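# Residue-level structural notes
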Amino acid sequence: MDTQQQQQSAIQGAKVLMVGAGGIGCELLKTLALSGFHDIHIIDMDTIEVSNLNRQFLFRRSHVGQSKAKVARDAVLRFRPHINIRSYHANVKNPEFDVDFFKQFDVVLNGLDNLDARRHVNRLCLAADVPLVESGTTGFLGQVTVHVKGKTECYECQTKPTPKTYPVCTITSTPTKFVHCIVWAKELLFAKLFGDKNQDNDLNVRANKAASSSKETEDVFERAEDEDIEQYGRKIYDHVFGYNIEAALSNEETWKNRRRPRPIYSKDVLPESLSQKNGSTQNCSATSVDDSAMVSAMPLLGLKNPQELWGLTQNSLVFIEALKLFFAKRKKEIGHLTFDKDDQLAVEFVTAAANIRAESFGIPLHSLFEAKGIAGNIVHAVATTNAIVAGLIVIEAIKVLKKDADKYRMTYCLEHPSRKMLLMPVEPFEPNPSCYVCSKTPLVLEINTQKSKLRDLVDKIVKAKLGMNLPLIMHGASLLYEVGDDLDDIMVANYTANLEKSLSELPSPVVNGSILTVEDLQQELSCKINVKHREEFDEEKEPEGMVLSGWTQSPATNGESASTSNNESAVEVTESSSGPEIASKKRKLSETQPENHKRETENVESEDDDDLMEIENPMTVSKKKKRVA
């Protein structure tokens, strides 16, 4: 049998699992079908939104609200009716998609939009010994990587960059960038006004101080039942943009070497009554109780272009009108809201608040379109990139099916040519010997065993950092914690009680030198954690009060430094929640790349949660790592 026949035989006889039917997924399903694949299964929990239609070409407006997986299946079967496509409108983390389920497939192809799901699929593929082809895009950038157990590094062999954070003092007191104002408006002000009222934050502390200085003793964020909405909005405006700024200015030491902010009060910016000027929110045809996410303040104010730059007065009007609409049209949601980039009114409020604060601190203002991109960490999707990446996935999948291990490539799609190439292939690398997922290397946890509770360990480490969904924690032969449907009431009560105990007070005390075994039975993953007691932690740098090490990249070898050099270039693309990350230590190129290829590390999200990816200076130099032979 010649090579072409072997390839066709491998393709037609393969059973393929696709996870994700969004931007990459639509292109991938089409390409698989047209390439001759006959047995394709698709898992996707999402439904189609209007904003998907500009690039997820298998969907039409009539499909809005329907399952992505099912509609994609039906669309492809119309031009390839003879093949078998099975769709699952479900979460890939559901119990039915276990190791045995994954074992039936010859290859798994990922087009996911979050880190948690990608790690979950990676672990199931390792447990089932099924090859995984990962992918991700961000604007014009994209990448495809191959992960084969025992031959190449797994998806978690390298560090996944964490979202960029900012010091609390910078956000609350001394912002210098517009992103600081966005974080303040989104995480503090919006959360305080419309989120959990019992959740304390720095904004609340400052508001109380301001309230005292203005001879008001009540909580300024509390609205009385009979209080006029507009007056309430003005009160909030004056406190956060006026009194709070004045309170901050009272600390002369802070402003010795900084530009002093300007307090802004509603009476200096807004007319006496907005209702006469703009009409009533109750009669606004743009609002709908049934579609709260589409409620908007912009039509009330004659604002139509989201890319228009609003001045201080316009931002102030949007701030008040948006707040009024939340109380007039979405009152039942107040107390439970969190910021959502697809919530038009939330975006308007956060944009206006951030711009008013920016005006106060002398920071350039931004349009709603720009502010939404910053608040939602959005890089708008490019359909062509999705199509290119989908094609690369199929190419690598065919190599996997043919077992051409020496031809596997991790391929990067670049925005600017490098050596006259926009596609940069890199040979895959061996598994990282320090990877706790595929190499079983123990982790080290520094924690105050006398103060930290088991709940802190479960929530902040086991679930948040290790990505375990159904964890089991053992200390020696003692079972400290377990979840599952098969537990009796006594066991559940015991484990619940353990959660509230400090580590040193557990039935089998966890102290300095203890070794914990943590397992996830669904993922068939087990790892060891060496506990190291530590008394104090830096609240700014280590806010969780614990530090996990050993889950990062392996240290430099052969005497070479892992630090970046300025006279060599290498491909290095990392991503956050969706695209696969190849962090550091990539194959070196022979040319030094021009300065315009450099890109600061930033957390970005492609439009509408498709194929989320973090890019960290794709042309940065890094140390060479041993390649798979």
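What you see is a predicted model; the values in this text were computed from it and never measured.

### Topic: the packing of aromatic side chains
In the structure shown here, the tally under the stated rule is 20 aromatic pairs. Residues Phe-190 and Phe-339 carry aromatic rings whose centres are separated by 6.2 Å and whose planes lie at 90° to one another, so their mutual orientation is edge-to-face. Note that Phe-190 is positioned in helix H7 (residues 178-194) and Phe-339 in the loop between helix H11 (312-329) and helix H12 (344-360), a separation of 149 residues in sequence. The exposure class assigned to Phe-190 is buried, which follows from its relative accessible area of 1%. Taken together, a centroid distance of 5.3 Å and an interplanar angle of 80° make the contact between Phe-194 and Phe-349 edge-to-face. Taken together, the positions of Phe-194 in helix H7 and Phe-349 in helix H12 put the pair 155 residues apart, joining distant regions of the chain. Of the two residues, Phe-194 and Phe-349, neither departs from the other in class, the shared state being buried.

### A look at the nonpolar core
Ranked by size, the top nonpolar core spans 62 residues in total, and within it Leu-189, Phe-194, Phe-319 and Phe-349 carry the most contacts. Of all the elements in the fold, those that place two or more residues in this core are H7, helix H9 (229-249), H11, H12 and helix H13 (368-375). Within the second largest apolar cluster, 42 residues are counted, among which are Ala-21, Ile-24, Leu-58 and Ala-69.

### With respect to the state of the cysteines
With the rule as written, the count across this model stands at 0 disulfides. Not engaged in a disulfide, the cysteine Cys-157 finds its nearest cysteine sulfur in Cys-438; these two sulfurs lie 3.4 Å apart. We classify Cys-157 as buried; its relative accessible area is 2%.

### Side note on the pairing of strand E4 (residues 107-110)
A two-sided burial pattern is seen for E4, the buried positions comprising Val-107 and Leu-109 on one face and Val-108 and Asn-110 on the other. Sheet topology places strand E1 (residues 15-19) next to E4; 4 bridges connect them, and they run parallel. The partner of Val-16 across the bridge, within E4, is Val-107. With 2 bridges connecting them, E4 and strand E5 (residues 132-138) associate as parallel partners. Following the sheet pairing, Val-108 is matched in E5 by Leu-132. A crossover links E4 with its parallel partner E5, the connecting element being helix H5 (residues 115-128), and its sense is right-handed.

### Some remarks on the packing of H9 against H11
Relative to each other, H9 and H11 sit at 130°, their axes nearing to 9 Å. The pairing of H9 with H11 is recorded here as oblique in orientation. H11 is crossed by H9, and the crossing has right-handed handedness. Contacts from Ile-229, Glu-230, Tyr-232, Gly-233, Arg-234, Ile-236, Tyr-237 and Phe-241 in H9 reach Leu-312, Ser-316, Phe-319, Ile-320, Leu-323, Lys-324, Phe-327 and Ala-328 in H11.

Conventions adopted
Residues numbered from 1 in each chain as written. Predicted model: local features only at pLDDT ≥ 70, side-chain atom pairs only at ≥ 80, totals over all residues. Heavy atoms only, no water. Phe/Tyr/Trp six-rings, centres within 6.5 Å; stacked < 30°, edge-to-face > 60°. Helix = DSSP H or I, 4+ residues; strand = E, 2+ residues; numbered from the N terminus. Buried < 20%, exposed > 50% of the residue type's maximum accessible area, 1.4 Å probe, protein only. Core = buried A, V, L, I, M, F, W, Y, C linked by side-chain atoms within 4.5 Å. Disulfide = S-S within 2.5 Å. Pairing = 2+ DSSP bridges. Right-handed = clockwise from strand over helix to strand, strands pointing away. Axes fitted to C-alpha atoms, helices over the stretch in contact; angles between N-to-C directions. Parallel < 35°, antiparallel > 145°, perpendicular 65-115°, else oblique. Left-handed = near helix turned anticlockwise from the far one by under 90°. Contact = heavy atoms within 4.5 Å.

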